[in-house]
Amino acid sequence: MRINRIGRDITVLADELEVPGIGHLPVNAFVLHAAEPIVVDTGLSLPGRGFMDALASVLDPVDVEWIWLTHPDRDHTGSLFDLLDAAPNARLVTTFAAVGIMSCERPLPMDRVYLLNPGQSLDVGDRRLTAFRPPLFDNPSTTGFYDDRSNACFASDCFGAPMPTAELATADNVGYAPADAVRAAQHLWAAVDSPWVHVVDEAKYLATVSVLRKFAPQRILSTHLPPADGRTPEFLDMLALAPHADPFTGPDQAALEKLLATFEPAP
């Protein structure tokens, strides 16, 4: 895991996951160093990722006051319960639907849950966080937010793009990758992660993109993309074209068997 400081008050806890045939998918969590410190998502649900150690290197978990869960998929919840234990005063910001999904695996401490719906705001002492549903998402409970002090948009899976290398996936700026390659990878990710975008009512979909245009964030912070500064108009245009991107069809069994045949036998 790589730790990247972005501006004065945001730290990225940058991890990545190699997806065969697609690339290295960034998997970011964030620390927002507000008056009431916030951790946004808690990393991959895989052993040995070192999330809590990485977090402790930038912020004492005891000082965390809010945990914003953008949605309860396993690449966002890896250290959630460890963090709840280590941060006894933290409240968990999420939605009613997300609580239901999470409770199928392990009940949440309901006295520590703070339900917040898109369109509502949370005051964290020195800034206001306004929740919104990102234009692209793979889970119905997804909620991102706009921070009016850092002028940053925390977009969950939206804007994601697999990168060609692990180094690029955990970079501190997406600008290290060519712009045309980033757009192609974003459209690929849109087709993989939000396949419904190809059959959506386009006018209604574009209205959700307009919500972000009104925020006009300087910085876009996606779970699955290196941080992006000053790229908002370009990225919103990318979203507007996502319904017309090529649909994704994954490998079939024959392709899987061909791939497995290239593996070396276990010792």
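You'll find the structure just up there.
Computed from a predicted structure; not experimentally measured.

**Considering the overall build of the protein**
Helix and strand counts for the protein come out as eight helices and 13 strands. Taken against the 2.2 N^0.38 rule, which gives 18 Å for 267 residues, the C-alpha radius of gyration of the protein at 18 Å falls within 12% of a compact globule. Contacts in the protein between residues at least 24 apart in sequence constitute 64% of all its contacts with a sequence separation of at least 6. Summed over its atoms, the accessible surface of the protein is roughly 12,200 Å², and 55% of this surface lies on carbon and sulfur atoms.

**A closer look at the pairing of strand E9 (residues 128–132)**
Across a regular strand the side chains alternate sides, sitting on one face of the sheet and then on the other. Counted residue by residue, E9 has four buried out of five residues, so it is predominantly covered. Between strand E8 (residues 121–123) and E9, which follow one another and run antiparallel, lie four residues, and Gly-125 among them has a positive phi close to 95°. Pairing of E9 with strand E10 (residues 144–147), which is carried by four bridges, proceeds in the antiparallel orientation. Of the residues in E10, the one forming a bridge with Thr-130 is Tyr-146.

**So, the environment of Asp-123**
By the element assignment, Asp-123 lies in strand E8. Here Asp-123 falls in the partly exposed class, since its relative accessible area comes to 43%. In this structure the C-alpha to C-alpha distance between Asp-123 and Ala-35, which are 88 residues apart in sequence, comes to 9.9 Å. Not counting the four nearest positions on each side in its chain, Asp-123 is found in contact with Glu-36 and Arg-128. In terms of polar contacts, Asp-123 uses its side chain to reach the backbone amide nitrogen of Gly-125, at 2.8 Å.

**Some thoughts on the sheet that holds E8**
Spatially, the six strands line up as an open sheet ordered E8-E9-E10-E11-E12-E13, and their pairing is mixed. Sheet topology places E8 and strand E13 (228–229) at the edges, where each strand pairs with a single neighbour.

**Some details on unusual backbone geometry**
The phi torsion at Asp-41 lies on the positive side, around 65°, for a residue other than glycine. Inspection of the secondary structure puts Asp-41 in the loop between strand E4 (38–40) and helix H1 (51–56). The backbone of Ser-156 sits at a positive phi, close to 55°, despite the residue not being glycine. Within the secondary structure, Ser-156 is located in the loop between strand E11 (152–154) and helix H4 (166–169).

**Brief notes about the nonpolar core**
With 27 residues, the main nonpolar core has Phe-159, Met-163, Leu-225, Phe-235 and Leu-239 as its most contacted residues. Only H4, helix H5 (179–193), helix H6 (202–215) and helix H7 (232–241) provide two or more residues apiece to this core. Leu-225 has contacts with Pro-26, Asn-28, Phe-159, Gly-160, Ala-161, Met-163, Val-174, Val-182, Gln-186 and Phe-235, leaving out every residue within four places of it along the chain. Counting 23 residues, the second-largest nonpolar core is a separate cluster that includes Ala-29, Val-31, Val-99 and Val-113.

**Describing the environment of Gly-43**
You can see Gly-43 is positioned in the loop between E4 and H1. Separated by 32 residues in the primary sequence, Gly-43 and Asp-75 have C-alpha atoms spaced 5.6 Å apart. What Gly-43 contacts, discounting residues up to four positions off in sequence, is Ala-29, Phe-51, Arg-74, Asp-75, His-76, Thr-77 and Gly-78.

**Topic: the environment of Asp-237**
With respect to the helices and strands, the residue Asp-237 is situated in helix H7. Residues Asp-237 and Val-209, 28 residues apart in the sequence, show an inter-C-alpha distance of 9.0 Å. Beyond its immediate sequence surroundings of up to four residues, Asp-237 is in contact with Arg-183 and Arg-213.

**Thoughts on the packing of H6 against H7**
Packing of H6 against H7 brings their axes to within 10 Å, and their N-to-C directions diverge by 170°. In this view, H6 runs roughly antiparallel relative to H7, as classed from their interaxial angle. Read as a crossing pair, H6 and H7 show a hand that is right-handed. Contact residues: Glu-202, Tyr-205, Leu-206, Val-209, Leu-212 and Arg-213 in H6; Leu-236, Asp-237, Leu-239 and Ala-240 in H7. Tallied by class, the residues present in the contact of H6 with H7 amount to seven nonpolar, no polar and three charged.

Scoring rules and cut-offs
Residues numbered from 1 in each chain as written. Predicted model: local features only at pLDDT ≥ 70, side-chain atom pairs only at ≥ 80, totals over all residues. Heavy atoms only, no water. Helix = DSSP H or I, 4+ residues; strand = E, 2+ residues; numbered from the N terminus. Rg over C-alpha atoms; globule rule 2.2 N^0.38 Å. Contact = heavy atoms within 4.5 Å. Areas by Shrake-Rupley, 256 points an atom, 1.4 Å probe, with all protein chains shown as cover. Buried < 20%, exposed > 50% of the residue type's maximum accessible area, 1.4 Å probe, protein only. Pairing = 2+ DSSP bridges. Polar contact = N/O pair within 3.5 Å; in protein donor to acceptor, adjacent residues only side chain to side chain. Core = buried A, V, L, I, M, F, W, Y, C linked by side-chain atoms within 4.5 Å. Axes fitted to C-alpha atoms, helices over the stretch in contact; angles between N-to-C directions. Parallel < 35°, antiparallel > 145°, perpendicular 65-115°, else oblique. Left-handed = near helix turned anticlockwise from the far one by under 90°. Nonpolar A, V, L, I, M, F, W, Y, C, P; charged D, E, K, R; others polar.

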